Amino acid sequence: MDQATKRPMPTEEGILAFHRRCEDFYPADAVDASIEQQRKWYDALCAEFDAPSPAGLTREDTLVDGRIPIRRSRPATVSTETRIYYIHGGGFVVGSLDSHDAICAELADFAQAELVSIDYRLAPEHVWPAAFEDCYAVLRELLSGGRPVVVAGDSAGGNLTAGIVLKARAEGLKGIVGQVLIYPGLGGDLVSGSYVEMAEAPGLTTADTRYYRKILQAPIDNPFAAPLAEKDLSGLPPTYITGAFFDPLRDDARIYAARLIAAGVNVTFREEPQMIHAWLRARHMSEGAREGFRRLAEGVAVLVGTR
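Residues numbered from 1 in each chain as written. Predicted model: local features only at pLDDT ≥ 70, side-chain atom pairs only at ≥ 80, totals over all residues. Heavy atoms only, no water.

Novice: For this particular structure, what's the right way to read the sheet that holds strand S8 (residues 267–276)?
Specialist: In any sheet, the strands associate via hydrogen bonds between backbone groups, in a parallel or an antiparallel arrangement. Taken in spatial order, the eight strands line up as S1-S2-S4-S3-S5-S6-S7-S8 in an open sheet, and their pairing is mixed. Looking at which strands have only one partner, the edges of the open sheet turn out to be strand S1 (58–64) and S8. Strand-to-strand twist in this sheet, taken as the mean axis angle between neighbours without regard to direction, amounts to 20°. Docked against the sheet, helix H9 (residues 287–304) engages strand S3 (83–87), strand S5 (149–154), strand S6 (176–182), strand S7 (239–246) and S8, running at close to 165° with respect to S6. (Pairing = 2+ DSSP bridges. Helix = DSSP H or I, 4+ residues; strand = E, 2+ residues; numbered from the N terminus. Axes fitted to C-alpha atoms, helices over the stretch in contact; angles between N-to-C directions. Contact = heavy atoms within 4.5 Å.)

In structure tokens:
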């Protein structure tokens, strides 16, 4: 706790330095700015934390259904037929193929697996279920060739990941061998638990979460939009979930992991004790983020079968 402001704050200097650097590019009150300005700030922030591409990794940008941009990232060594399908975060409002490209490249390289990322339609121009439908269309396309898929996503992308995996189960779509949820927003009630305790956490506040939900206009009682609304979680694929302690979304990850375990799903759950929302970007400047990313990459590798 920051005694001056009473805000919950981590003590690890690396993640605090990361947060300060983030606010130089993306101010704490960014949601009060225009959508165009938010996207400019976010693009600049992502560029600031870019990283060198792994040696030998190649990229190919194509379209699914003639309209949905995807990027295929293929590391120098590919040791599995299973592909990673990565869905980026950004509150359903910001983000692109480029915003998470370095993260995707490092995950693909570590897991020695091809990774496909998506540039889904963003709100407010496209409210729910536009992004969901884009993500599901790409999932169907990836599975149509008979190769297994591990679906992964962070924040809003974690929501979309959990949602399309639930829809795939409902429709009997086969071939998903794992899901990876990284500090996901899964439809928690906003008035209890971490949404209260971490309401003013650095990096993401409960007010920010309310803003993004209002913009998306997703039905909170629909499990595809709010996976915590799903009563039966049985039969879902092995799952890796990682949360951050200093994050209003923390309890969404905790509760979903516990309910998956109770339903008999094979779950690996980690909560990074010194991390804030969006800590993936801090992996090269924070010890906690570096360790969390290493564990995440190992978890992905296990799911694709290279560990």
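Okay, back to it.
Novice: Is there a simple way to explain the environment of valine 94 in this structure?
Specialist: The residue valine 94 is located in the loop between S3 and helix H3 (101–111) in this model. Note: C-alpha distance between valine 94 and glutamate 36 (58 residues apart in sequence) is 9.3 Å. In this view, valine 94 contacts Tyr26, Gln38, Arg39, Tyr42, His88, Gly89 and Leu122; residues no more than four positions away in its chain are not counted.

Novice: Teacher, can you tell me more about the packing of helix H4 (residues 130–143) against helix H5 (residues 156–170) here?
Specialist: Two quantities define a packed helix pair, namely the angle between the axes and the distance from one axis to the other. Between H4 and H5, the shortest axis-to-axis distance is 10 Å and the interhelical angle comes to 60°. One way to sum up the angle between H4 and H5 is to call them oblique. For the crossing formed where H4 meets H5, the hand is right-handed. Contacts between H4 and H5 pair Ala131, Phe132, Cys135, Tyr136 and Leu139 from the former with Leu160, Gly163, Ile164, Lys167 and Ala168 from the latter. Classifying every residue of the contact of H4 with H5 by side-chain character gives eight nonpolar, one polar and one charged. (Parallel < 35°, antiparallel > 145°, perpendicular 65-115°, else oblique. Left-handed = near helix turned anticlockwise from the far one by under 90°. Nonpolar A, V, L, I, M, F, W, Y, C, P; charged D, E, K, R; others polar.)

Novice: Just checking my understanding: could you explain helix H8 (residues 250–262) for this structure?
Specialist: An α-helix turns once every 3.6 residues. As a result, residues three or four positions apart point the same way. The terminal C-alpha atoms of H8, which comprises 13 residues, lie 19 Å apart, in line with the 18 Å expected from a rise of 1.5 Å per residue. Within H8, burial applies to Arg250, Asp251, Asp252, Ala253, Tyr256, Ala257 and Leu260. The elements touched by buried residues of H8 are H5, S6, helix H6 (194–197), S7 and S8. (Expected span 1.5 Å × (residues − 1). Buried < 20%, exposed > 50% of the residue type's maximum accessible area, 1.4 Å probe, protein only.)

Novice: Before we go on, may I ask you to explain the nonpolar core in this structure?
Specialist: For soluble globular proteins, nonpolar side chains are generally found buried alongside one another. Ranked by internal contacts, the top residues of the largest apolar core, which has 98 residues, are Tyr85, Leu139 and Tyr256. With nine residues, H4 is the single largest residue contributor to this core. (Core = buried A, V, L, I, M, F, W, Y, C linked by side-chain atoms within 4.5 Å.)

Novice: Where do I start with the environment of aspartate 232 in this structure?
Specialist: Tracing the sequence through the fold places aspartate 232 in the loop between helix H7 (206–216) and S7. Aspartate 232 gets classed as partly exposed once you look at its relative accessible area, which sits at 39%. Through-space distance from the C-alpha of aspartate 232 to that of arginine 259 is 9.0 Å; in sequence the pair is 27 residues apart. One polar contact links aspartate 232 to serine 234, side chain to side chain, over a distance of 2.6 Å. (Polar contact = N/O pair within 3.5 Å; in protein donor to acceptor, adjacent residues only side chain to side chain.)

Novice: Whenever I open this one, unusual backbone geometry confuses me. Can you help?
Specialist: Excluding glycine, a negative phi dihedral is what most residues carry, and trans is how most peptide bonds are arranged. With an omega of 5°, the peptide bond running from alanine 123 to proline 124 counts as cis. Within the secondary structure, proline 124 is located in the loop between strand S4 (115–118) and H4. Backbone torsion omega between tryptophan 128 and proline 129 reads 15°, so that peptide bond is classified as cis. Within the fold, proline 129 resides in the loop between S4 and H4. Of note in this structure, aspartate 65 is not a glycine but carries a positive phi near 55°. Its location among the elements puts aspartate 65 in the loop between S1 and strand S2 (68–74). Located in the positive-phi region is glutamine 112, a residue other than glycine, with phi close to 55°. Considering the arrangement of structural elements, one finds glutamine 112 in the loop between H3 and S4.

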